[in-house]
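What follows is the residue order along each chain.
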Amino acid sequence: MTTNFLIDSYSEFLPIDGDTSRKSLGEGNTPLVRSTNIGPEIGVPNLYFKLETMNPTGSFKDRGMFLAVAKAVQANSRSVICASTGNTSAAASAYASLHGLKSFVVVPSGKIAMGKLAQASVHGASIIQIRGSFDNALNIVREISDQLQIALVNSVNPFRLEGQKTAAFEVVDALGKAPDILCIPVGNAGNISAYWKGFKEYAAAGRASKTPMMYGFQAQGAAPIVNNKIIENPETIATAIRIGNPASWEKAASARDESGGVIDSVSDDEILHAYRYLASAEGIFCEPASAASVAGLIKTSRLGVDLSGATIVCVITGHGLKDPDTALSVEAVQYEVDPTIEAVGEILSS
Ligand SMILES: *Cc1c(COP(=O)(O)O)cnc(C)c1O
């Protein structure tokens, strides 16, 4: 049994010392599963999914949040604050509870998936809904955290990326090598930057012989990096990546360029197709934003790129149960009948 998997496994890569709390909710150590059906069907026989859905609050945000909150405690903060499209608020409030801190979350009103709001509620966060975007919320919390000396735990907090880079280590450890390509959704662009940092550090330490190409995917209605301009009113069904002015824009562009990768966009239709495809062909239930990685890979393979010899990892960033509204919008095969063997039998034999 480990007390804190990420610290026990990767302490030499993390900015911790003897005074850093080792409290853990069991973050990290998530499965890397081989694709059974989608990979072979789209011409990528060596396709893997990194199931970040299996983190304690259901998204990769926990990897960085365990450390950001531990560091806030170490700096004697009594409360944390974040702007969020949902998952950051779920993680921040959970880790604040673990450490006995107060949490404040600022979110775009009406744009947070129901499960995520439920998580922040039950963990006791003060939830401040603003009539504006995530980008507005981030500007506000950056200013206020400074004025009121509340620990800011968005990914502009460097400890978030330090924690999140451990996912790259786990991918290399599980494969025994770095993949050729890593596909990942891009919102505020912290995660693609963290993975790239992790892959570079692991290679520099001799734990991998190379680094992968980073393939990032934004939603078409929220694709500032692809279009190289700030999007004032980003729109997409993938609310976790509904961001028009990413905080880690430059880091993500460097990850793309240094790795020889791309940052491209996928439409909401392509995202929803990949979302249903993962659920129906692999048994993987993720939230729409997560499906952008697979939608992007499908788009890439359709462009005629030969991916048959490549080892590819798609990061599945967050759990499908967080967004039941989108799940229920998929037309279900449903019947309502009388409670009799005959009535049910009729359906089974029709
Ligand atoms: C936060 C999040 C993203 C986007 O990650 P960034 O670091 O903001 O680019 C993608 N998917 C899910 C499920 C998320 O919670």
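Being a predicted model, the structure only gives us computed values, none of them experimental.

Enquirer: How should the overall build of the chain be read in this particular structure?
Expert: When you go through the chain residue by residue, the secondary structure sums to 15 helices and ten strands. Against the globule reference of 20 Å for 350 residues, the chain gives a C-alpha radius of gyration of 20 Å, in line with a compact fold. Projected onto its principal axes, the C-alpha coordinates of the chain cover approximately 65 × 50 × 50 Å. For the chain, the proportion of its 350 residues judged to be buried stands at 57%. Within the chain, contacts between residues at least 6 apart in sequence are counted, and of these 71% link residues at least 24 apart. If the 28 positive side-chain charges of the chain are averaged to one point and the 35 negative ones to another, these points end up 7 Å apart.

Enquirer: Whenever I open this one, the packing of helix 9 (residues 190-204) against helix 11 (residues 249-259) confuses me. Can you help?
Expert: Working note: a packed helix pair is described by the angle between its axes plus the distance between those axes. Axis separation between helix 9 and helix 11 bottoms out at 8 Å; the angle between their running directions is 45 degrees. In terms of axis orientation, helix 9 runs oblique to helix 11. Crossing angle aside, the handedness with which helix 9 passes helix 11 is left-handed. Residues Ile192, Ser193, Trp196 and Lys200 of helix 9 form the contact with helix 11, whose own contacting residues are Lys251, Ala252, Ser254, Ala255, Glu258 and Ser259. Across the contact of helix 9 with helix 11, the residue classes break down as four nonpolar, three polar and three charged.

Enquirer: I tried to follow the nonpolar core on my own but got confused; where do I start?
Expert: Soluble globular proteins: nonpolar side chains tend toward being buried together. Formed by 54 residues in total, the largest nonpolar core has its most connected members in Met65, Val153, Leu182, Ile192, Tyr195 and Phe199. What Phe199 contacts, discounting residues up to four positions off in sequence, is Ala168, Val171, Val172, Pro179, Leu182, Thr211, Pro212 and Met214. Residues Tyr275, Ala295, Ala310 and Ile312 belong to the second largest nonpolar core, which totals 36 residues.

Enquirer: Got a minute to help me understand the site of the ligand in this structure?
Expert: If you check the shell around the ligand, you find 16 residues, and the closest are Lys61, Asn87, Asn188, Ala189 and Thr317. At 3.2 Å, a backbone N or O of Gly190 approaches an oxygen atom of the ligand. The fraction of the free accessible surface of the ligand (380 Å²) that becomes covered by protein chains is 97%. The pocket occupied by the ligand, as judged from atoms lying within 2 Å of grid points, is the largest cavity. Those elements that provide at least two residues to the shell around the ligand are helix 9 and helix 13 (288-302). Among the residues forming the shell around the ligand, the class breakdown is six nonpolar, eight polar and two charged.

Enquirer: Whenever I open this one, the packing of aromatic side chains confuses me. Can you help?
Expert: Two aromatic rings are characterised by how far apart their centres lie and by the angle between their planes. Counted according to the given criterion, the structure contains seven aromatic pairs. Both rings, one in Phe5 and one in Tyr10, keep their centres 6.3 Å apart while their planes meet at 85 degrees; by these two values the pair is edge-to-face. A single burial state applies to Phe5 and to Tyr10, both of which are buried. Consider the rings of Phe13 and Phe169, whose centres lie 4.7 Å apart with planes at 50 degrees: the pair is tilted. Pair noted here: Phe13 is in the loop between helix 1 (5-10) and strand 1 (32-34) and Phe169 is in helix 8 (residues 166-175), with a separation of 156 residues, a long-range link.

Reading the values: rules and limits
- Residues numbered from 1 in each chain as written.
- Predicted model: local features only at pLDDT ≥ 70, side-chain atom pairs only at ≥ 80, totals over all residues.
- Heavy atoms only, no water.
- Helix = DSSP H or I, 4+ residues; strand = E, 2+ residues; numbered from the N terminus.
- Rg over C-alpha atoms; globule rule 2.2 N^0.38 Å.
- Buried < 20%, exposed > 50% of the residue type's maximum accessible area, 1.4 Å probe, protein only.
- Contact = heavy atoms within 4.5 Å.
- Lys, Arg positive; Asp, Glu negative; His and termini not counted.
- Charge placed at Lys NZ, Arg CZ, Asp CG, Glu CD.
- Axes fitted to C-alpha atoms, helices over the stretch in contact; angles between N-to-C directions.
- Parallel < 35°, antiparallel > 145°, perpendicular 65-115°, else oblique.
- Left-handed = near helix turned anticlockwise from the far one by under 90°.
- Nonpolar A, V, L, I, M, F, W, Y, C, P; charged D, E, K, R; others polar.
- Core = buried A, V, L, I, M, F, W, Y, C linked by side-chain atoms within 4.5 Å.
- Near = heavy atom within 4 Å.
- Polar contact = N/O pair within 3.5 Å; in protein donor to acceptor, adjacent residues only side chain to side chain.
- Areas by Shrake-Rupley, 256 points an atom, 1.4 Å probe, with all protein chains shown as cover.
- 1 Å grid on protein atoms, 1.4 Å probe; cavity = no way out; pocket = protein on both sides within 12 Å on 5 of 7 lines; lining within 4 Å.
- Sits in = over half its atoms within 2 Å of the grid points.
- Phe/Tyr/Trp six-rings, centres within 6.5 Å; stacked < 30°, edge-to-face > 60°.

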